[in-house]
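This is what each chain is made of:
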Amino acid sequence: METIVRVREGQLEGCRSADQKSIIFKGVPYAEPPVGALRWKRPQPKTPWTGVRPAVEFSAKAHQADLTREGFYAKEFYTEEKIERSEDCLYLNIWTPADAQPGDKLPVFFWVHGGAFLHGCGAEKEFDGEQFARNGVILVTINYRVGALGFFAHPDLAAENPEGISGNYGIYDQIAALTWCRQNIASFGGDPDNITAAGQSAGCMSVQILISSPLTEGMIRRAILQSGGGLNGLNRDFSQESREAVSKKLMEALGASTIEEMRAIPGEKIAEVQYTIRAEDGLCWTPVVDGVLLTAPVDDVARAGGAHDIDYMIGSTGDDIGADTRRLEYSAVYWAKNQLALGRRPAYLYFFDRKLPGDDAGAFHSAELWYEFHTLDRAWRPWEPCDRALEKAVSTYWANFARCGDPNGAGLPHWRPYTADAPVQMRLAETIGEEAAIVSEG
């Protein structure tokens with residue numbers, strides 16, 4: 001493949017990886033900047049450009065806190081981050097094999113980052129697509145609006161909307177990015193009909209919303225839900241009214257009384273003050289059931305058979321989110337059982353339980369990302385030989401699943417799906433290939 005590719009909006013010029021085995025396109029715009037009058041509007045298609053647009057630098061990420069100061073996760077993922085923050089953040093990144101050609105129909109791995117719907121971006125150092133490309137898979141990572149700029153809800157915004165709703169802008173961004181991929185990924189050698197949507201934590205919650213929404217029916221072929229999805233997972237039934245209540249608190253804190261005044265406040269100021277707002281039901285800036293994106297809570301959608309009938313991989317980590325650790329393990333099991341009850345294809349369950357070396361954090365929330373993206377060398381940890389073997393296995397399992405809905409392949413310990421006859425999880429730890437005992441459900 002050449003480093004210059006034509007998409008619907010114009011030409012993009014990427015760059016080759018250091019090993020020459022992949023071509024990377026960074027900072028690709030998938031929508032117009034959501035600024036000015038477009039703040040708290042659905043993402044709008046990107047205006048075409050003339051000439052060749054450089055795609056060799058990552059874009060700014062959405063306005064959010066300075067993550068280099070955020071304790072444990074700062075040391076783990078953000079110590080050297082120098083990515084700018086801006087309201088102009090709707091960009092994605094693509095890694096494709098260097099020998100890919102338009103029409104090759106390679107599988108596409110569409111990654112949605114986590115961060116509690118408050119922070120994160122598609123260019124964090126733990127994410128990389130070079131190993132995916134070596135495995136014949138195209139990786140796409142995206143940015144989307146987070147925090148109040150992504151999930152603010154207000155009756156006056158609903159009045160502007162033909163459907164009478166507000167909020168969820170960050171999820172509509174994800175749908176816009178997914179739509180862009182379906183329209184353009186063939187130019188990079190990808191198959192628009194073989195897209196795996198995957199995410200971890202808030203990214204996982206996002207993916208579960210995407211596969212529960214009528215707006216994305218037929219757009220996603222497979223899904224991977226990491227630490228947050230399933231039945232009784234991290235998604236909550238937040239109503240539009242509850243998000244409007246916290247949004248009004250933000251307006252009061254900013255001294256604004258109208259949407260026009262809110263749109264005049266700098267985005268960085270909104271992002272700064274959003275962290276001072278508290279909600280009685282937990283996180284303030286989250287997706288809601290709006291009747292359009294979501295017609296019912298995701299658990300209700302799944303139980304009724306409304307989640308997309310596609311291939312699923314789902315799991316969690318051994319030391320996930322404190323009191324929610326066992327809950328997340330249960331939620332994966334419940335999801336797998338529900339799939340069987342619906343007469344659908346069995347899901348592949350995993351339990352990532354490698355206690356990472358270097359401290360006592362264990363198999364913490366997000367620990368599997370280093371292995372999934374084959375980026376151990378970017379971490380500070382004193383890796384052991386078993387980590388290298390696990391990195392190779394996990395990155396290959398994930399790529400294989402994106403290819404055909406089955407993580408198994410040559411040279412890998414066999415991974416059985418969860419069935420009535422074999423209600424098992426694959427344990428991903430120091431020794432690969434052991435089937436983890438299913439937790440006691442209660």
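Residues numbered from 1 in each chain as written. Predicted model: local features only at pLDDT ≥ 70, side-chain atom pairs only at ≥ 80, totals over all residues. Heavy atoms only, no water.

**Student:** Help me understand the layout of surface pockets, please; the structure alone is not making it clear to me.
**Tutor:** Over the atoms rolls a probe the size of a water molecule, and in doing so it shows where empty space is left. Roughly 660 Å³ of volume is contained in the largest pocket. Every residue lining the largest pocket is counted, 30 residues in all, and those nearest its centre are Gly115, Ala116, Ser201, Ile321 and His365. Of all elements in the fold, only helix H1 (71–78) and helix H6 (202–210) reach the threshold of two or more residues within the lining of the largest pocket. Broken down by element, the residue count for the lining of the largest pocket peaks at three residues, all from H1. (1 Å grid on protein atoms, 1.4 Å probe; cavity = no way out; pocket = protein on both sides within 12 Å on 5 of 7 lines; lining within 4 Å. Points joined across faces, edges and corners; volume = space filled by probe spheres on them. Helix = DSSP H or I, 4+ residues; strand = E, 2+ residues; numbered from the N terminus.)

**Student:** Would you mind showing me how to read unusual backbone geometry here?
**Tutor:** Trans peptide bonds make up most of the peptide bonds, and negative phi angles are found at most residues other than glycine. The phi dihedral of Trp40 is positive, around 60°, even though this residue is not glycine. Topologically, Trp40 is positioned in the loop between strand S4 (22–29) and strand S5 (52–54). The buried category is assigned to Trp40, whose relative accessible area is 1%. Positioned with a positive phi, Asn232 is a non-glycine residue whose angle comes to about 60°. (Buried < 20%, exposed > 50% of the residue type's maximum accessible area, 1.4 Å probe, protein only.)

**Student:** How should I be thinking about the packing of aromatic side chains in this particular structure?
**Tutor:** By convention here, two paired aromatic rings are described through the distance between centres and the angle between planes. For the structure shown, the criterion picks out 26 aromatic pairs. Ring centres of Phe127 and Phe373 lie 5.2 Å apart, and the angle between their planes is 55°; on these two criteria the pair is classed as tilted. Residue Phe127 is found in the loop between strand S7 (106–112) and helix H2 (130–134), and its partner Phe373 is found in the loop between helix H12 (369–372) and helix H13 (385–404); the two are separated by 246 residues along the sequence. With relative accessibility at 1%, the residue Phe373 sits in the buried group. (Phe/Tyr/Trp six-rings, centres within 6.5 Å; stacked < 30°, edge-to-face > 60°.)

**Student:** How should I be thinking about the pattern of salt bridges in this particular structure?
**Tutor:** Two side chains that carry opposite charge are able to pair once their charged atoms sit near each other. Enumeration according to the criterion identifies 25 salt bridges in this entry. With a closest N to O distance of 2.5 Å, Asp128 and Arg378 form a salt bridge. Within this pair, whereas Asp128 is found in the loop between S7 and H2, its partner Arg378 is found in the loop between H12 and H13, the two being separated by 250 residues in sequence. When its relative accessible area of 8% is taken as the criterion, Asp128 is described as buried. Asp353 is the partner of Arg427 in a salt bridge, and the nearest nitrogen-oxygen pair spans 3.4 Å. Pair noted here: Arg427 is in strand S13 (residues 425–428) and Asp353 is in the loop between strand S12 (348–352) and H12, with a separation of 74 residues, a long-range link. Salt bridges linked by common partners bring Arg221, Arg222, Asp309, Asp311, Arg344 and Arg345 together as one network. (Salt bridge = Lys/Arg side-chain N within 4 Å of Asp/Glu carboxyl O.)

**Student:** Help me understand empty space enclosed by the protein, please; the structure alone is not making it clear to me.
**Tutor:** Going through the model one piece at a time under the given rule, you end up with two cavities of 30 Å³ or more. Looking at the lining of the largest cavity residue by residue, the class counts come to 10 nonpolar, two polar and one charged. Approximately 30 Å³ is the volume attributed to the second largest cavity. In terms of residue class, the lining of the second largest cavity is made up of three nonpolar, three polar and one charged. (Nonpolar A, V, L, I, M, F, W, Y, C, P; charged D, E, K, R; others polar.)

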